[in-house]
Amino acid sequence: MRIDTETNRIYLSAAQVSCTVPSVVHLQETPTEIVIAVTGAPSLAPFDGPCTAQKVSLSGFVQLSGPIDDRRIVGNTA
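Because the structure is predicted, anything quoted here is derived from the model rather than measured.

> So what about the side chain of Asp4? Which residues, and what values?
Tracing the backbone shows Asp4 in strand 1 (residues 2-4). Salt bridges are absent for the buried Asp4, whose nearest opposite-charge side chain, Arg2, sits at 4.5 Å. A polar atom in the side chain of Asp4 sits 3.2 Å from the side chain of Thr7. Here Asp4 is in contact with Arg9, Tyr11 and Ile68, once residues within four sequence places are set aside.

Here it is, written out as structure tokens:
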């Protein structure tokens with residue numbers, strides 16, 4: 001994760017966990033917190049071989065509505 005306070009963006013990447021591939025990033029902002037949650041779905045290609053947690057399959061950024069300031073950044077995966 002990388003934070004850019006000039007553009008109010010948080011850059012992130014997510015890796016495949018077991019056979020679940022990250023697909024959607026959810027963002028929720030409050031006056032005190034920025035909550036980022038990455039959700040995924042099972043891989044649809046079982047013929048690709050064994051699943052690995054080393055593959056980065058989602059990268060990008062979330063655009064915040066305002067400055068980060070002293071808000072706490074909380075992240076999780078589901």
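That covers the picture; the talk isn't over yet.
> Break down the nonpolar core for me, with residues and values.
With ten residues, the main nonpolar core is built from Ile10, Leu12, Ala14, Ile34, Ile36, Val38, Leu58, Val62, Leu64 and Ile68. For this core, the secondary-structure elements that each account for two or more residues are strand 2 (9-15), strand 4 (33-42) and strand 5 (56-63). With residues up to four places along the chain from it excluded, the contact list for Ile68 reads Ile3, Asp4, Thr5, Asn8, Ile10, Ile34 and Ile73.

Conventions used here
Residues numbered from 1 in each chain as written. Predicted model: local features only at pLDDT ≥ 70, side-chain atom pairs only at ≥ 80, totals over all residues. Heavy atoms only, no water. Helix = DSSP H or I, 4+ residues; strand = E, 2+ residues; numbered from the N terminus. Buried < 20%, exposed > 50% of the residue type's maximum accessible area, 1.4 Å probe, protein only. Lys, Arg positive; Asp, Glu negative; His and termini not counted. Salt bridge = Lys/Arg side-chain N within 4 Å of Asp/Glu carboxyl O. Polar contact = N/O pair within 3.5 Å; in protein donor to acceptor, adjacent residues only side chain to side chain. Contact = heavy atoms within 4.5 Å. Core = buried A, V, L, I, M, F, W, Y, C linked by side-chain atoms within 4.5 Å.

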